Structures are given as C-alpha cells and as structure tokens.
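# Summary of structural features
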Amino acid sequence: MQVWKFGGTSVGKPERMKSIRQLITEDGQPKIVVLSALSGSTNTLLSISESLNAGNPSEAKLKASELRAHYDQFLTELYSTPAGLGQGQAIVAKEFAFIDSLIATSPYTVKQEKEMVALGELLSTQIFEAFLQEEGISSALLPALDFMVIDEDNEPVLKIIEQKLATVLAPVKDKQIFVTQGFICRNPAGEVDNLKRGGSDYTASLIGGAIQAEEVQIWTDIDGMHNNDPRIVKNTFPIRELSFAEAAELAYFGAKILHPSTITPAKLKGVPVRLKNTMEPSAFGTLISEKSTDVEIKAIAAKDNITAIYIHSTRMLNAYGFLKRVFEVFEKYKTPVDMITTSEVSVSVTIDQTTHLDAIMSELREFAELEDPDMNQVIVCIVGNFWADKEGIAIKVLEAIKKIPIRMISYGASEHNISLLVDASHKNDALNALNEGLF
C-alpha cells in the first residue's frame, strides 16, 4: 500500500479535488490518502480565533458566515447528484454548527482554538470521501483523531500510532481508498491537538512508517524539491534523487516543499518518499530514499528569522564545563540551536525561536559575557556530498559568495551540509550568487 498526501492548493478547488479522485484511482492500487484543509481555510479559522481572543464574537460570526458561503459554493460545483450534494451539505452543516458552538464558548481557551483549527481537515476529508462515495469508489474514512497521538513533548508516538491505526483499518481493510486528515492529532490528555503548520506531510510519513508502506508520495504544486528557491532564483531545476540525510537538511534549513519532521519516520522504517506535482503528474519529481547519487553539490536552502547570540566565557582560557552550562540554558527553555561556532573563549549560536530569548540571555549573563544578539539573520545551507577527503568544496562555496558578508560558517559537523549565516538583507544576493557559482 502507498500513502499519498495532498496539500491545501491541491484540494482548494472542486476541479482539483476531481483531479485527485482520478489520480488516486487510475492504477487500481489501495492507498491511504492524507488531505490538508482547503487552501485558505486554516488561515480563516485562525482569524476567527483571533477575533474571539480579542473579545469580538460578532466579528468571528461574520468570518464564519463568509467561510460557510465558500463551502456552500464549493459543494455545488463538486457534487453531480442530489444525493451527493445532500450528503456534502449535511457534513458542512454539522461542522459549522460546531464552529457556532465554539464561538459561543466563554472563556475561549487554547483547547477550543485547537478544536477550531482542526475543522479545516475534518471538513476537507469528509467532503472528499462523500465525493468518492458518489463516484462509486470503494472508500472509507479513517479519523486521524482515532490513531494519531503525541506525547508530553508534542512528539508523535509511532508505536502507539501503529497499534491504533491497525485497529482502525481492520474493519474496512477490503476498501480501495482510505481517506484521513493530515495535521490533527490528540495529546496525552485526549484533547484535539496538531502537528503544527505543515504537519500534513508529517502525518503522511508517520502513517507510511506505521504500515511500512511501499512509498509515501507528497503531492504539491511544484515538480519536486528544487536546487534553490524558485521564488528568488531564476532557472532552478528539480532534483531527481536525494538521500534521507540530504532531504532532512534541506527541509530543516528552509526548503518549503517539505515539513522538516517528515523524513524521520520514513527513514526509520526505510520507506521512500516521493515529491510529486499535481499540476504535472507525469513529471518524475524527487525521490528520497536511503540511496544517494554522486553529485557533489545538490541544493541550496535558506532559513529565515534567525537570531545569533554571541557568548564569551568570563573564565577565559580553558573554561572547562562552559559549553555544558551554555546548552543547559537552551535545554531548560526548550529552544533548539541551529548553528554553533566556537573559539577558545567564545561560542556563537543561532536560534529560530525567540519566545524565551530574554530569559535565556538573563541566565547566560550569570556566567558569561554577551554581545547584543543579531536579529533578522538567515542561514543559507548548501547540501551535497562533502566527504572528509573531498578537495575544494569550501573554496567553491566561499568563492561563489565572496562579495557577501558572512557572520558565521559551520562546516564539518555533517557530510551533507555547509551552513552560512548572513543578514537577511543579503539573502537574495547570496542565493543567486551561490546558484551561479555552484551550478
């Protein structure tokens, strides 16, 4: 069995939903189909929550009414029979009644907000599965809230997901197409929660790992992972093959086509992940697996909104235990560190979460001297095969970017990654310079 995931733009219009129906059924093979919310729905649901948090239920009701009108129109264009349309309308009426009940809830808490945001996926999957039924497709709905669970650290528990998914699949195992929600899950309290934005990719990979699928396919509106950001750089091209390690580096450091966590469960279970284009289904896309090619430099990605922190030991030379104390502070505030560079008495680190920046800086000052942090930085990541005995890799990279001021360089921690820190004002120039110099 394969797992196919479709994002918001892929299901955002009735004609695209009809195209997906054709795609998933043309080979006759069983599939689990993971859907995101219709494009724009999640943003609107978040906006409704913002109005409620601001104490403005009338504004929230207006936004909900406008969203309801969008779905009503969507249904009339999707279904071709009165029975199908009636089923779709019943789904929308039920879920929007729940939205109305959430709007009427006081106080409106984080729990209700997560329930609100989950409705985008609950709507898209039920509407699509009803459409498959209308079309006579052998299908079943697999409620993600019945098997997708996270722990206290907001991490999915793959072993439990495997067990629960097997239980959910057992009564409907004779079906051809199984439809489920991306993004949403339950937390240890049993409440509705989510895998954060972009989490539908993660859902697909978790399901693929749980059932040890033949392949996980992530369908988007671009033909695979490109060698650079096509929104900034001209003449980019899709990469045909990447290893799990290479794809993980690119996803973490800014390649928007893939959620950063997606690779982990697929790699753990050895399940290949293929990136495909719904607008051009015949295109090869990008295949991510245990294998890699001998291409030296594969791709470039950029991660925005980075903050650099510069820390100096007050004990000067041979400061034993200094690094341990530094990273204990970041661990305490659950703030991941992206890049690290060190000297005899100093360490520089970058973070992409500044929620606890003030507290972190305050605790670091208890045993270190700090410079003012550099905000609005960008990590530019060059990914490829950089084995230890390779010659000239660093020279190629630095020569290509010689006119761009570099704040930090990280090279050697991985055989697949060279990272450069630049100010955000130099991001576009850096990506274009590297593209010209390396490709």
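Placed above this text is the structure.
The following refers to the structure shown. (Residues numbered from 1 in each chain as written. Predicted model: local features only at pLDDT ≥ 70, side-chain atom pairs only at ≥ 80, totals over all residues. Heavy atoms only, no water.)

### Things to note about the pairing of strand S2 (residues 31–35)
Along any regular strand the residues' side chains alternate between the sheet's two faces. Along S2, five of the five residues are buried, which leaves the element largely enclosed by surrounding structure. Of the two faces of S2, the one holding Lys31, Val33 and Leu35 and the one holding Ile32 and Val34 are both buried throughout. With five bridges joining them, strand S1 (residues 2–6) and S2 adopt parallel strand pairing. Following the sheet pairing, Gln2 is matched in S2 by Lys31. Considered for its hand, the β-α-β crossover made up of S1, helix H1 (residues 14–25) and S2 is right-handed. (Buried < 20%, exposed > 50% of the residue type's maximum accessible area, 1.4 Å probe, protein only. Helix = DSSP H or I, 4+ residues; strand = E, 2+ residues; numbered from the N terminus. Pairing = 2+ DSSP bridges. Right-handed = clockwise from strand over helix to strand, strands pointing away.)

### What to know about the packing of aromatic side chains
Following the criterion strictly, the structure yields ten aromatic pairs and no others. Taking the centre distance of 5.9 Å and the plane angle of 90 degrees together, the rings of Phe237 and Phe439 count as edge-to-face. In this pair, Phe237 is assigned in the loop between strand S7 (215–220) and strand S8 (241–243) and Phe439 in the segment after helix H13 (427–438), connecting sequence segments 202 residues apart. Consider the rings of Phe322 and Phe367, whose centres lie 6.2 Å apart with planes at 80 degrees: the pair is edge-to-face. Linking Phe322 in helix H10 (residues 322–332) with Phe367 in the loop between helix H11 (357–364) and strand S14 (368–370), this pair joins segments that are 45 residues apart in sequence. Phe367 matches Phe322 in its accessibility class, with the two residues each being buried. Across from the ring centre of Phe284, 3.8 Å away, lies the NZ or CZ of Arg240, which sits over that ring. Above the plane of the ring of Phe284 lies Arg274, whose end atom (NZ or CZ) is 5.1 Å from the centre. (Phe/Tyr/Trp six-rings, centres within 6.5 Å; stacked < 30°, edge-to-face > 60°. Lys NZ or Arg CZ within 6 Å of the ring centre and 35° of its normal.)

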